[in-house]
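Letter by letter, the chains look like this.
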Amino acid sequence: EETTRSYNGLDSKLDNCEFIDDWWGESLGVYLHNPWLCYGFGIHRLREAGLMWGIFDNLDERPLDLEEIHQFCNHFFVGDSKKNS
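Residues numbered from 1 in each chain as written. Predicted model: local features only at pLDDT ≥ 70, side-chain atom pairs only at ≥ 80, totals over all residues. Heavy atoms only, no water.

(A) The arrangement of helix α2 (residues 23-33) in detail. Among the residues of α2, E26, S27, G29 and V30 are the ones counted as buried. The buried side chains of α2 occupy one side of the element, clustering within an arc of 160° when seen end-on. Turned more than 90 degrees away from the buried face of α2 sit W24, Y31 and L32, all of them exposed. Packing partners of the buried residues in α2 comprise α3 (41-48). (Buried < 20%, exposed > 50% of the residue type's maximum accessible area, 1.4 Å probe, protein only. Helix = DSSP H or I, 4+ residues; strand = E, 2+ residues; numbered from the N terminus. Arc of directions from axis to C-beta. Contact = heavy atoms within 4.5 Å.)

(B) Representation of the nonpolar core within the structure. Ranked by size, the top nonpolar core spans 10 residues in total: V30, L37, Y39, I43, M52, I55, F56, L59, L64 and F72. What M52 contacts, discounting residues up to four positions off in sequence, is I43, L46 and R47. (Core = buried A, V, L, I, M, F, W, Y, C linked by side-chain atoms within 4.5 Å.)

Take it as geometry only, folks, not as evidence of what the structure does.
See the structure below:
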């Protein structure tokens, strides 16, 4: 428990670093803040590998606003338009 608190404190201080919990803990946090999203193992594995965009870091921290939900869906289902051009 103390280790988890230590990493969570470090996570809040570093902008470019995200410490994620196990799947169960992360999915619970996502559900509490963004219950519209089914947080599956695929999203969790991408986050573990560091392959997710900045918006994904907020999924378990606060509710996303409509613009952020749009960005999330665009990244997740359409992809980065800069890379597709």
